[in-house]
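Residue-level listing of the chains:
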Amino acid sequence: MSAISRRQVLQRGSSASLAGLAMLLPPELLRRPGERAPAAARRRVAGEEHWLVFTRHEAAVVREATARLIPGPYDDPAERGHPGAREADVVRFIDTMLGCLDHSPQKVFAGGPFSNRAGWPVDDMAQFIGLTSSQAYGWRIRLAAWRQAYRAGVVALDDLTGGDFTRATDTERDRALAENPNGFTTLLFGHAVDGMYSVPEYGGNRGLVGWKDISFPGDVQPRGYTASEVSRSDGPDPYDPEGPGKALVDLIRLSNER
Amino acid sequence: MRTRVAIVGSGPGGATAAMVLAEAGLDVVVFEKGANFFTDLTSERPGTVFSNDELKDDRSFAEPDSIAEPRVFRTSPSDSNPFVGAVQSLPQTVGGGAVHWDAKTPRYWDIDFQKLSLLGPLPGAAVEDWPFTYDEIAPHYDAVEALIGVQGDVASLPELTLRHAPRSGNFPMPPGPPQYSSLLAAKGARSVGLHPFPAAMAINSVPYAGRPACNDCGFCSGYGCPILARIGALAPLRRALLAGAEVRERSVVVRVGHQGRKVDGVLVMREGGGYYREHFDAVVLAGNAIESSRLALLSELPDPYGTTGRYVMFHWFTDASGLFFSERLHAYRGRDHTHDIDDFADPDFPGARAAAREAGLPYFRAGKVEMGGTDRPLGEAHQYLEILPVLSPRKPFGVPFKKLMRASLLRDRLLGLTLMGEDLPYATNRVDLDPSVRDWRGHPVARITYSPGRYELAAQAFYLPWLVKLLDGAGADVSIAIPQDPSKTFPIGASPVIDTEHVMGGMRMGTNPRTSVTDGTGRHHQLDNLFVADGSVFPTSGGHNPTLTIMATALRNSRQWARSL
């Protein structure tokens with residue numbers, strides 16, 4: 001990410017949405033990059049220890065596992081300055097999702113038309129929209145399967161790490177996740193992504209850290225974009241493909257040759 | 001007593017028919033299976049709960065739930081592994097398919113309406129002329145464009161487009177701001193001799209009919225418009241309501257009653273459970289090509305030649321992507337894309353006739369290309385999840401994932417092209433009722449049997465390299481065109497079903513009851529008071545977005561129904 005695009009994101013936010021970002025950020029993120037957060041702070045990032053669906057241990061395993069899948073500054077030194085699933089409170093998002101039918105209205109579809117992040121005085125998105133009978137039927141089945149997968153998935157991750165995933169080393173955690181027991185890592189990663197980059201009303205993307213890390217402004221109604229923002233270049237932002245990006249480019253080139 | 005008409009479906013076709021019939025003085029009830037996500041539908045600018053929320057869209061907020069209301073897809077009757085789930089899901093909500101669209105509204109061409117007589121037959125396909133010509137439908141196009149508010153610029157349209165779809169005047173509104181990504185694509189298109197132009201779209205570029213100009217929030221294709229700068233089917237629906245029509249949301253028509261050559265009413269399931277019968281003097285099916293065919297089959301409407309549900313067509317979409325290493329293209333701002341080319345819809349495109357002959361075809365066409373779109377963060381992230389085991393086999397998560405998200409090759413640095421290929425009517429491509437899968441209400445679901453023919457595949461193969469050439473000309477550092485093919489040639493983006501939401505055919509218009517279901521006005525051949533007002537009446541698919549033509553056809557046909565009812 002270049003300084004240019006980051007600056008533009010912050011400028012755009014200055015009218016309403018992202019100006020207060022620094023204040024919204026968990027204090028841990030303002031620490032020096034790479035510095036290990038104290039245990040109490042790491043818990044606080046994940047919110048209160050009250051869960052709709054998870055047991056305390058399940059929540060801890062899901063928090064630590066998603067932090068391996070989408071690591072932040074305390075999970076991988078390479079992610080200095082780049083918040084991850086822990087900072088975005090992805091575990092809260094997942095618990096909210098698994099318990100979404102226990103709310104009234106159910107927490108499946110956030111409201112609209114606007115949040116209060118782009119110049120609208122109230123957060124309409126915080127008022128969820130109740131399900132139709134058909135949707136409620138589908139979600140009951142979907143959630144029953146997911147809840148069971150989480151129960152079993154946490155047990156499997158514990159088993160693969162000598163009994164307690166949360167006490168395992170990073171290497172052991174990664175090895176367990178790479179095993180993808182009964183497809184649990186795939187399911188968890190998908191949900192972690194949803195919690196990382198969705199509107200924060202669903203419980204994740206706390207402080208908009210997910211969007212900030214990828215220079216995405218998120219929802220912009222009712223302000224929208226100006227004609228100039230739509231039609232003109234933001235300026236050079238060179239990227240030299242390396243690592244997985246280079247692998248992707250190579251794969252495309254190889255595929256074109258075939 | 002006024003004549004009572006039931007219209008099944010509140011999307012573009014149903015709403016247009018409702019407007020015409022209600023304004024003709026008929027007593028119209030519009031049944032909508034889904035919920036209503038708008039406030040007062042009689043106001044110029046209703047409020048809504050649609051929003052810039054990608055997860056809401058991923059969770060099928062306004063579309064059928066894939067568990068509660070699945071469909072079945074198979075490539076042939078001998079397909080041993082049919083897919084059950086979301087198949088070509090269009091919105092199921094008041095406003096229908098015109099709720100989720102980015103409202104591109106090109107006209108079909110003269111050669112679409114007279115494909116058989118102007119271009120000739122094709123082996124294995126039931127190519128027909130439409131019951132009307134371009135000249136006859138043109139005034140209805142004008143009327144619909146004014147009704148829903150279309151932006152565009154006649155002076156920028158290529159000669160090819162104007163030759164095949166001439167216009168009596170300019171568009172109701174000028175084009176809005178061009179997207180940077182689309183401008184790059186337009187440059188690329190020109191560099192290889194193609195003819196880009198600002199796309200026609202039913203989105204306000206200036207305040208129009210009491211609604212605001214679009215502010216380019218970027219959540220366009222796939223999303224309900226939060227500010228109603230895109231009104232779609234709600235414009236005719238409003239006029240229907242003002243003329244006395246009623247809209248009943250969350251009301252599922254599960255059977256159409258009939259006796260002899262007449263339908264006599266509908267059986268409706270309420271949201272809370274329980275059914276009721278209601279008498280109507282006429283019924284209009286407008287649930288979309290798949291659901292109207294399904295309802296006809298569920299109702300066991302007379303079908304002496306087994307034509308109901310046949311000749312179903314989906315545009316054969318081919319995606320291409322150019323990746324840019326020098327800058328970000330921010331295609332997440334805007335109206336999905338703002339520029340098109342029509343060159344590939346021309347059967348006489350240089351080299352196309354020769355390539356067709358080589359494939360054993362007298363000719364082929366693909367269709368228009370939409371230029372400049374991209375994905376959003378959740379869509380991008382889920383693509384990386386799919387491909388990370390290939391890119392980073394030792395650690396398919398963690399830092400490699402986050403690096404991909406920040407580099408954003410598949411979103412912020414991506415320029416997307418979508419080619420919508422014409423899809424021929426084949427008797428073997430059809431909708432019927434699945435013998436075992438039922439929806440949550442206990443009714444058999446639609447089963448789609450579909451495979452492309454030689455025509456679609458040959459046209460795709462011919463135009464694929466052109467998409468790459470165009471992207472190279474636009475300045476992409478690396479480009480890829482991904483054929484739509486269940487054989488999965490590239491490890492991402494592969495879908496078990498044909499990836500399209502353009503659904504047509506199934507109850508097509510025609511003069512011969514052996515090869516069509518409805519007559520030259522969309523009236524059922526076997527039932528004098530049953531009409532069809534959605535894309536299922538299309539005899540051929542064209543190579544352009546179908547909704548404007550669905551509305552213009554519904555307008556033309558329902559004006560004739562109004563005279564007979």
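Residues numbered from 1 in each chain as written. Chains lettered and ligands numbered in written order. Predicted model: local features only at pLDDT ≥ 70, side-chain atom pairs only at ≥ 80, totals over all residues.

## Structural notes on the overall build of chain B
This is how the line gets drawn: We count a stretch as a helix when DSSP gives it H or I for four or more residues in a row; a strand needs E for two or more, and each element gets its number in order from the N terminus. With the radius of gyration taken over C-alpha atoms, the globule rule is written as 2.2 Å times the number of residues to the power 0.38. Placing a C-beta atom from the backbone of each residue, one calls two residues in contact when those atoms lie within 7 Å.
A count of helical and extended segments in chain B gives 14 helices and 20 strands. Relative to the 2.2 N^0.38 estimate, which gives 24 Å for 565 residues, the radius of gyration of chain B is 22 Å and therefore close to what a compact globule would have. With respect to the three principal axes, the spread of C-alpha positions in chain B is 70 × 55 × 50 Å. Intrachain contacts of chain B at a sequence separation of at least 6 include 76% that bridge at least 24 residues.

## Some remarks on the interface of chain B and chain A
Spelled out, the test is: All amino acids are sorted into three groups, where Ala, Val, Leu, Ile, Met, Phe, Trp, Tyr, Cys and Pro are nonpolar, Asp, Glu, Lys and Arg are charged, and the leftover types, Gly among them, are polar.
Chain B puts 63 residues into the contact, and the matching count from chain A is 70 residues. Elements represented by at least two residues in the side of chain B that touches chain A include exactly helix 2 (54–58), helix 7 (180–191), helix 11 (377–391), helix 12 (399–407) and strand 18 (478–482) of chain B. Take the side of chain B that touches chain A: its biggest share by element is nine residues, from helix 12 of chain B. A per-class count over the side of chain B that touches chain A returns 33 nonpolar, 13 polar and 17 charged.

## Some points on the packing of helix 5 (residues 134–148) of chain B against helix 14 (residues 547–564) of chain B
All names here are of chain B. This is how the line gets drawn: Axis lines are fitted through C-alpha atoms, for helices just across the contact stretch, and the angle between N-to-C directions can take any value from 0 to 180 degrees. Orientation categories follow fixed angle ranges, with anything under 35 degrees roughly parallel, anything over 145 roughly antiparallel, 65 to 115 roughly perpendicular, and all other angles oblique. When the near helix sits turned anticlockwise from the far one by under a right angle, the crossing is termed left-handed; a clockwise turn instead gives a right-handed crossing.
One way to put it is that helix 5 packs onto helix 14 with a least axis distance of 9 Å and a crossing angle of 110 degrees. As far as their axial angle goes, helix 14 and helix 5 are roughly perpendicular. Of the two elements, helix 5 crosses helix 14, and the hand of that crossing is right-handed. Here I137, H140, Y141, A143 and V144 of helix 5 come into contact with helix 14, specifically with L548, M551, A552, T553, L555 and R556. A breakdown of the residues in the contact of helix 5 with helix 14 according to their chemical character gives eight nonpolar, two polar and one charged.

## Points about the pairing of strand 11 (residues 310–314) of chain B
Residues and elements named next belong to chain B. Worth spelling out the cut-off: Here exposure depends only on C-beta density: within 10 Å of a residue's C-beta, 20 or more other C-beta atoms make it buried, 12 or fewer make it exposed, and intermediate numbers make it partly exposed, the C-beta atoms being placed from the backbone. By the convention used here, strands pair only if DSSP detects at least 2 bridges between them.
Burial runs high along strand 11: five of the five residues are buried. With three bridges joining them, strand 11 and strand 19 (residues 503–506) adopt antiparallel strand pairing. Bridge assignment links R310 to a residue of strand 19, and that residue is G506.

## Some remarks on the sheet that holds strand 9 (residues 275–279) of chain B
Residues and elements named next belong to chain B. Strand order in the open sheet formed by three strands is 7-8-9, and the pairing between neighbours is antiparallel. On the outer flanks of this sheet lie strand 7 (252–259) and strand 9, each paired with one strand and no other. Across this sheet, the average inter-strand angle for adjacent strands is 25 degrees, counted without regard to direction.

## A short note on the sheet that holds strand 6 (residues 246–248) of chain B
All names here are of chain B. The strand order across the open sheet built from five strands is 6-2-1-10-20, with neighbouring strands paired in parallel fashion. Strands with a single pairing partner mark the edges of an open sheet, and in this sheet they are strand 6 and strand 20 (530–532). Neighbour-to-neighbour, the strand axes of this sheet turn through a mean angle of 20 degrees, independent of strand direction. Pairing geometry for strand 10 (residues 282–285) and strand 20, over three bridges, is parallel.

## Focus on the pairing of strand 12 (residues 316–323) of chain B
The side chains of a regular strand alternate, first on one face of the sheet and then on the other. Residues and elements named next belong to chain B. Within strand 12, seven of the eight residues are buried, which leaves it mostly tucked inside the rest of the structure. Relative to strand 15 (residues 414–421), strand 12 is paired through eight bridges, and the arrangement is antiparallel. Its bridge partner lying in strand 15, F317 is registered against M420. Relative to strand 18, strand 12 runs antiparallel, the two being bridged by five bridges. Pairing of S321 across the sheet is with I480, part of strand 18.

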